[in-house]
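Below are the chains, spelled out letter by letter.
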Amino acid sequence: MAMKFCIETFGCQMNEHDSEKMAYLLASRGHEQVFDAEEAEVVIVNTCCVRKKAEEKFYSLMGRLKRIKSKKGTILGVTGCIAQLEKEGILNRVPFIDFSLGPSNIGKIETAIKNSIEKGKHFDFSENGGAPIYISIPDRTERDVKAYVSIMKGCNNFCSYCIVPYVRGREVSRRSEDIIKEVRGLAESGVKEVTLLGQNVNSYNKGTSDMGFPELLKAINKIEGIERIRFVTSHPKDLSDALINCFGDLEKLCEHIHLPFQSGSDKILESMNRGYTSEDYRRKIDLLRNRVPHIAITADCIVGFPGEDEQDFEKTMELIRDVEFDGLFSFVYSPRKYTLAWSLEMTVPREEALSRLKVLQDTQKAITLKKNRAMEGSVVQILIEGKSKNGGEEYTGRTRTNKIVNLPGERGMIGNLIDVEILKGYANSLKGRPVYQQMEAIDGKKGEVLPEKNMEVLHAQRNEGCRHHG
Ligand code: SF4
């Protein structure tokens, strides 16, 4: 029987992609996806337990869903990291759920729903013999100009604060030929940009005879129809020279890397079991910028880790000021059960950790704003992804350096790579306008006249193939 289902997603791109796969599997079996839990007959909550806040948000959502269930008899399921971590124990907090699946079992989503209706509560947390579940999504719509592609799952690093190796298991890489086949299929269905996903893509196929990550990038770079390649996430200790050299060499590889540093203090980095020093990290940044001076660098960092004193925090601030990241995801440390750091004494009072976070975020905000404002007047290439979240008639796209640009546009622009003049830089986005109006002016047709400065920029871009300025 066809049902209406709704998926609520917490967490990282891996989870977003897992939700996409579940939606595809259910839709391909005749079920209909809706985006309001009140309308759905089945609600699936795809969870994240990396930070306490995500876990708290999940339990508060479950309170709301419980009320919907008691009114409408909705089937409720939990998938993802909290499901895997808590297993049947999750019933202590949310006894009213009907099924729960670990991240390796999302391929069985329809069976779980069916069994919970016909036989009662259904749980599955098996590891499938270690084989990753990869599901290609063949049917793309015009909305899907970009797609995630899983290339590996799990992590072997055991950073002392991180729950991922306990819920996603050890690293297992997917065969390169399957990945390439999937990307070819995506290109044929109109996808222009792929983001290769893994907890630590730098160690893809480590210890196997299959190709390594730089070779995989080179192979994908040759696929016709794909215009842009991105990847996430990279671990600084595994960022090889060969991978750094791919930037600038592979024309489809976008000039952006997300490279979490977590702390600027070597003492804290050691306690986090990160496997590099602050100096090592700075060296990698220098290598990347020597290779591609305008590469955008974003990162994650944690404040208030056990043992972090004022000097340690200052070292983190020093790193932020020196590197000048394009963006930063920063958090107060939250202890996660089962991790190595769980037993460490919380030496930084919460108030102090929050005040450090504010100092850090204010500094980063000013850096990001400065960088975005420096782009005003430049011409960059963006891939139009769809309507802007700002509403109205605005459309949105991203630069190769992963910055969001909102601009006036029309539906037919979706999926196109266009040159845009940046009019205004804000803290979280840029405002632009398509350059084609000015191009008409250059050709002597109607349109606005391009200011001299920008014409130079545009010509420089054409001549040197440079995609980004500022
Ligand atoms: S590299 Fe560290 S932080 Fe990243 S997933 Fe693995 S254990 Fe977690």
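Check the entry above for the structure.
Just so you know, these numbers come straight off a predicted model, no measurement behind them. (Residues numbered from 1 in each chain as written. Predicted model: local features only at pLDDT ≥ 70, side-chain atom pairs only at ≥ 80, totals over all residues. Heavy atoms only, no water.)

## Overview of the pattern of salt bridges
Between side chains of opposite charge, pairing is possible as soon as their charged atoms come close.
In step 1: Enumeration according to the criterion identifies 33 salt bridges in this entry.
In step 2: We note a salt bridge from E385 to K146, for which the minimum N-O separation is 3.2 Å. Taken as a pair, E385 in strand β15 (residues 379-387) and K146 in strand β7 (residues 146-150) lie far apart in primary sequence, 239 residues in all.
In step 3: Residue E310 is joined to R356 by a salt bridge in which the shortest nitrogen-to-oxygen separation is 3.9 Å. Taken together, the residues span a long stretch of sequence, with E310 in helix α11 (residues 310-323) and R356 in helix α12 (residues 350-374) at a distance of 46 residues.
In step 4: Classification of E310 as partly exposed rests on a relative accessible area of 48%.
In step 5: The buried category is assigned to R356, whose relative accessible area is 7%.
In step 6: Where salt bridges share partners, they join E308, E310, E352 and R356 into one cluster. (Salt bridge = Lys/Arg side-chain N within 4 Å of Asp/Glu carboxyl O. Helix = DSSP H or I, 4+ residues; strand = E, 2+ residues; numbered from the N terminus. Buried < 20%, exposed > 50% of the residue type's maximum accessible area, 1.4 Å probe, protein only.)

## Quick notes on a positive patch on the surface
In step 1: A grouping of K52, K53, K57 and R350 is seen on the molecular surface, where their side chains present a positively charged patch.
In step 2: By residue number, the principal contributor to the positive patch is helix α2 (residues 52-72), which donates three residues.
In step 3: When you line up the elements, K57 lands in helix α2. (Patch = residues over 30% accessible without salt bridge, like charges linked within 9 Å, V, L, I, M, F, W, Y side chains within 5 Å. Areas by Shrake-Rupley, 256 points an atom, 1.4 Å probe, with all protein chains shown as cover. Lys, Arg positive; Asp, Glu negative; His and termini not counted. Charge placed at Lys NZ, Arg CZ, Asp CG, Glu CD.)

## Brief notes about the nonpolar core
In step 1: Residues V194, L196, F213, L217, F231, F261 and Y281 are the most contacted members of the largest nonpolar core, which totals 57 residues.
In step 2: If we skip the residues at most four places from it in the chain, L196 touches V149, I151, V201, F213, L216, L217, I220, I229, R230, F231 and V232.
In step 3: In terms of nonpolar packing, the next biggest core, distinct from the first, is built from 29 residues, Y59, L65, C81 and I82 among them. (Core = buried A, V, L, I, M, F, W, Y, C linked by side-chain atoms within 4.5 Å. Contact = heavy atoms within 4.5 Å.)

## Re the packing of α11 against α12
In step 1: Relative orientation of the contacting elements α11 and α12 amounts to 15°, with a least axis distance of 10 Å. As far as their axial angle goes, α12 and α11 are roughly parallel. The way α11 lies across α12 gives a crossing that is right-handed. Facing α11, whose interface residues are E310, F313, T316, M317, I320 and R321, α12 presents E352, R356, V359, L360, T363, Q364 and I367.
In step 2: Split into classes, the residues belonging to the contact of α11 with α12 amount to six nonpolar, three polar and four charged. (Axes fitted to C-alpha atoms, helices over the stretch in contact; angles between N-to-C directions. Parallel < 35°, antiparallel > 145°, perpendicular 65-115°, else oblique. Left-handed = near helix turned anticlockwise from the far one by under 90°. Nonpolar A, V, L, I, M, F, W, Y, C, P; charged D, E, K, R; others polar.)

## Considering helix α6 (residues 176-188)
In step 1: Taking 1.5 Å as the rise per residue, α6 with 13 residues should run 18 Å; its terminal C-alpha atoms sit 18 Å apart, in good agreement.
In step 2: Residues of α6 that are buried include every one of S176, I179, I180, E182, V183, L186 and A187, and no others. Projected down its long axis, α6 carries its buried residues within an arc of 160°, all on one side. More than 90 degrees from the buried face of α6, the exposed residues found are E177, K181 and E188.
In step 3: In this structure, the buried residues of α6 make contact with β7, β10 (193-197) and α7 (213-221). (Expected span 1.5 Å × (residues − 1). Arc of directions from axis to C-beta.)

## Quick notes on the site of the ligand
In step 1: Near the ligand you find C155, N157, F158, C159, Y161, C162, V164, P165, Q199, H235 and R274, and these make up its full shell.
In step 2: Grouping the amino acids of the shell around the ligand by side-chain chemistry returns seven nonpolar, three polar and one charged. (Near = heavy atom within 4 Å.)

## Here's the deal with empty space enclosed by the protein
In step 1: Throughout the structure, instances matching the rule amount to two cavities of 30 Å³ or more.
In step 2: What lines the second largest cavity is M3, F5, L26, H31, V42, E110 and I113.
In step 3: Partitioning the lining of the second largest cavity into residue classes produces five nonpolar, one polar and one charged. (1 Å grid on protein atoms, 1.4 Å probe; cavity = no way out; pocket = protein on both sides within 12 Å on 5 of 7 lines; lining within 4 Å. Points joined across faces, edges and corners; volume = space filled by probe spheres on them.)

## Concerning the sheet that holds β7
In step 1: The parallel open sheet is built from three strands, whose spatial order is β7-β10-β11. The open sheet terminates on both sides in strands that have one partner only, identified here as β7 and β11 (228-232). Ignoring strand direction, the axes of neighbouring strands in this sheet form an average angle of 25°.
In step 2: Taken strand by strand, α6 contacts β7 and β10, and its axis lies near 165° from that of β7. (Pairing = 2+ DSSP bridges.)

## Brief notes about the side chain of E308
In step 1: You can see E308 is positioned in the loop between β13 (296-303) and α11.
In step 2: Residue classification places E308 among the buried residues on the basis of a relative accessible area of 3%.
In step 3: Polar side-chain contacts of E308 include one of 3.0 Å to the backbone nitrogen of G304.
In step 4: Side-chain polar atoms of E308 contact the side chain of R356, separated by 2.8 Å. (Polar contact = N/O pair within 3.5 Å; in protein donor to acceptor, adjacent residues only side chain to side chain.)

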